[in-house]
Amino acid sequence: MINVNQNVEFNKNFKDFNETKCRYRIAKGSAGSGKSVNVAMDFILKLSDPYYQGANLLVLRKTEDTNRDSTFAELESAIIKVFGNYAEHVWKITRNPLMMECKTTGSRIIFRGMYDEKQREKIKSITVKVGKLVWIWLEEATEFEESDIDILDDRLRGNLAEINPNLYYQMTFTFNPVSASHWIKAKFFDVEDPDYFTHHSTYLQNRFIDEAYHKRMMRRKERDPDGYRVYGLGDWGELGGLIFTNFEVKEFDTTPDMFDSMYLGQDFGYNHANAILTLGFKDGDVYICNELYVYEKDTSEIIQLAEGKFNKNLVMWCDSAEPDRIHMWKKAGYYRAQGVKKTPFQEEKVLAGATKKTYINSQIDWLKQRKIFIHPSCVNTIKEIQQWKWKKDRETNLYIDEPVDINDDAMAALRYGCTTKMQQRASLLEVL
Ligand SMILES: Nc1ncnc2c1ncn2[C@@H]1O[C@H](COP(=O)(O)OP(=O)(O)O)[C@@H](O)[C@H]1O
Ligand SMILES: [Mg+2]
């Protein structure tokens, strides 16, 4: 029997979800409801248990890179939570390729990107050491196409009884319900089927969530009711109104030689996130290379956390509202830290027809005209950009020309970090 750390605790509302043997178990929920942690711990316990001897798990995201920073990291910390100091004795973890193997049961966890050209083919020919591939986890399942499910269904076939009568085939889905028009709703929620186990959870049921998170959610409820519906209550939302759709998450070389120029951008925050990004510019495109994203840390703590992560020789464009903080960064060696200045390009312009183009909107316009590549390690920036939306007019219910001003800290750091580049274009326009 396995020697499990007594400190492992589940959120009780996932009990039935963890026990169901339905072919499809589908966990929709708010951000922070505990879905990922729960599923990771559930799989680690099952795969380490001789009762499920012969079980293997395939973990899918859109690309392999996103696995590394989400599911892989989540499963790795689940192993540590469950086995504590014994972790190394029970699980072998390799990073290249991403793989985990339980030393006692021989069960494997295999990671694939459904949309990585080469890997997609390989999904059909996954080999395991013992037993069969019986479980598949689709994390952020709304990123997948309905037709992917058929491909995966084909993988979960054949008699299991002769391997181990305790085994069963199952696909696990975890996601935030971004859009009511998503195929997942039509397929799994609008139809009743004994093969489907659907589950709903919110951060309010997650007893491990701290007070500060609750406060942030309350702010979001006030400022961004639509976003709160999805990310706070886990109810189906709508996909419209996104500010940026011109971004792509992908692995790229982040060494300075790769870029024409590089800058840092920082948005200060305490209750809101404090976000710092390294930006690279090449051929007119923007590359977000790395991020530091923290809550409730004072400046000296953040400076410590930033140590070794950012190039101090780069210009660091900061929120100009807090000169004291800029001063501290300068003292810490970021001698080119400065506040974003109000240049003509950034000043409010009142256009004919009384459309008020704000400074933020002109920055957004600039960013929308290029491609934004985001390194998969920038998990918080990715979360923000995927949900940063235009506000809605309460009466007409139509989107207006003003961004929702919450969960936009990495977006602010991004805007600031582009200042030099934006100014260059602005002065070019003046010459013309
Ligand atoms: N069983 C658990 N034990 C300890 N902490 C947990 C547990 N479940 C959730 N948490 C905490 O709650 C946070 C949010 O959970 P997570 O699984 O990431 O939510 P979701 O995937 O639904 O967005 C985690 O970062 C972790 O700090
Ligand atoms: Mg999650």
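To keep things clear, this report deals only with the structure shown in the data block. This structure is a prediction, so every number in the text was calculated from the model and none was measured.

1. Focus: unusual backbone geometry
Part 1 of the argument: The residue after asparagine 96, namely proline 97, is reached through a cis peptide bond having omega 0°.
Part 2 of the argument: Of note, proline 97 is situated in the loop between strand E3 (91-95) and strand E4 (98-102).
Part 3 of the argument: One non-glycine residue with positive phi stands out, namely glutamate 140, at about 50°.
Part 4 of the argument: The phi torsion at glutamate 296 lies on the positive side, around 50°, for a residue other than glycine.
Part 5 of the argument: Taking the relative accessible area as the measure of exposure, glutamate 296 reaches 35% and is therefore partly exposed.

2. Quick word on the packing of helix H12 (residues 359-368) against helix H14 (residues 409-417)
Part 1 of the argument: Running from N to C, H12 and H14 point in directions that differ by 80°, and their axes come no closer than 10 Å. As judged from the angle between their axes, H12 and H14 are roughly perpendicular. Judged by residue contacts, Tyr359, Ile360, Gln363 and Leu367 of H12 engage Leu414, Arg415 and Tyr416 from H14.
Part 2 of the argument: Residues of the contact of H12 with H14, tallied by class, amount to five nonpolar, one polar and one charged.

3. Observations concerning the pairing of strand E12 (residues 285-294)
Part 1 of the argument: With 10 of 10 residues buried, E12 lies mostly within the body of the structure.
Part 2 of the argument: Inspection of the sheet shows strand E11 (residues 274-282) paired to E12 by nine bridges, in the antiparallel sense. Residue pairing in the sheet places isoleucine 276 in a bridge with leucine 292 of E12.
Part 3 of the argument: Linking two consecutive strands that pair antiparallel, namely E11 and E12, is a turn of two residues; a positive phi of about 45° is found at aspartate 283 within it.
Part 4 of the argument: Here E12 pairs with strand E17 (residues 372-374) via three bridges, running parallel. In the sheet register, isoleucine 288 faces E17, and the bridge partner there is isoleucine 374.

4. Some words on the packing of aromatic side chains
Part 1 of the argument: Taken as a whole, this structure holds 26 aromatic pairs when the rule is applied.
Part 2 of the argument: Relative to tyrosine 196, the ring of phenylalanine 188 lies with its centre 4.8 Å away and its plane at 85°, an arrangement referred to as edge-to-face.
Part 3 of the argument: Judged by its relative accessible area of 18%, tyrosine 196 is buried.
Part 4 of the argument: Consider the rings of tyrosine 287 and phenylalanine 373, whose centres lie 4.9 Å apart with planes at 25°: the pair is stacked. Here tyrosine 287 is found in strand E12, whereas its partner phenylalanine 373 is found in strand E17, with 86 residues between them in sequence. Here tyrosine 287 matches phenylalanine 373 in class, with each residue buried.
Part 5 of the argument: Grouping aromatic residues by their ring pairs yields a cluster made of Phe43, Tyr51, Tyr52, Trp135, Trp137 and Tyr168.
Part 6 of the argument: Positioned above the aromatic ring of tyrosine 295 is the side chain of arginine 216, whose terminal nitrogen or guanidinium carbon lies 3.3 Å from the ring centre.
Part 7 of the argument: Arginine 370 extends its terminal NZ or CZ atom over the ring of tryptophan 366, reaching a point 3.7 Å from the ring centre.

5. Topic: empty space enclosed by the protein
Part 1 of the argument: In the structure shown here, the tally under the stated rule is one cavity of 30 Å³ or more.
Part 2 of the argument: Estimates place the volume of the largest cavity at around 50 Å³.
Part 3 of the argument: Looking at the largest cavity, the residues that line it are Arg216, Arg219, His272, Ala273, Tyr295, Ile406, Asn407 and Asp409.

6. Quick notes on the environment of leucine 367
Part 1 of the argument: Here leucine 367 lies in helix H12.
Part 2 of the argument: Leucine 367 sits in the buried class, given a relative accessible area of 0%.
Part 3 of the argument: Placed 81 residues apart in sequence, leucine 367 and valine 286 show a C-alpha to C-alpha distance of 8.2 Å.
Part 4 of the argument: Each residue touching leucine 367, except ones within four places of it in the same chain, is listed here: Phe244, Asn246, Val286, Ile372, Leu414, Arg415, Cys418 and Met422.

About the thresholds
Residues numbered from 1 in each chain as written. Chains lettered and ligands numbered in written order. Predicted model: local features only at pLDDT ≥ 70, side-chain atom pairs only at ≥ 80, totals over all residues. Heavy atoms only, no water. Helix = DSSP H or I, 4+ residues; strand = E, 2+ residues; numbered from the N terminus. Buried < 20%, exposed > 50% of the residue type's maximum accessible area, 1.4 Å probe, protein only. Axes fitted to C-alpha atoms, helices over the stretch in contact; angles between N-to-C directions. Parallel < 35°, antiparallel > 145°, perpendicular 65-115°, else oblique. Contact = heavy atoms within 4.5 Å. Nonpolar A, V, L, I, M, F, W, Y, C, P; charged D, E, K, R; others polar. Pairing = 2+ DSSP bridges. Phe/Tyr/Trp six-rings, centres within 6.5 Å; stacked < 30°, edge-to-face > 60°. Lys NZ or Arg CZ within 6 Å of the ring centre and 35° of its normal. 1 Å grid on protein atoms, 1.4 Å probe; cavity = no way out; pocket = protein on both sides within 12 Å on 5 of 7 lines; lining within 4 Å. Points joined across faces, edges and corners; volume = space filled by probe spheres on them.

Geometric values such as these leave the question of function open.
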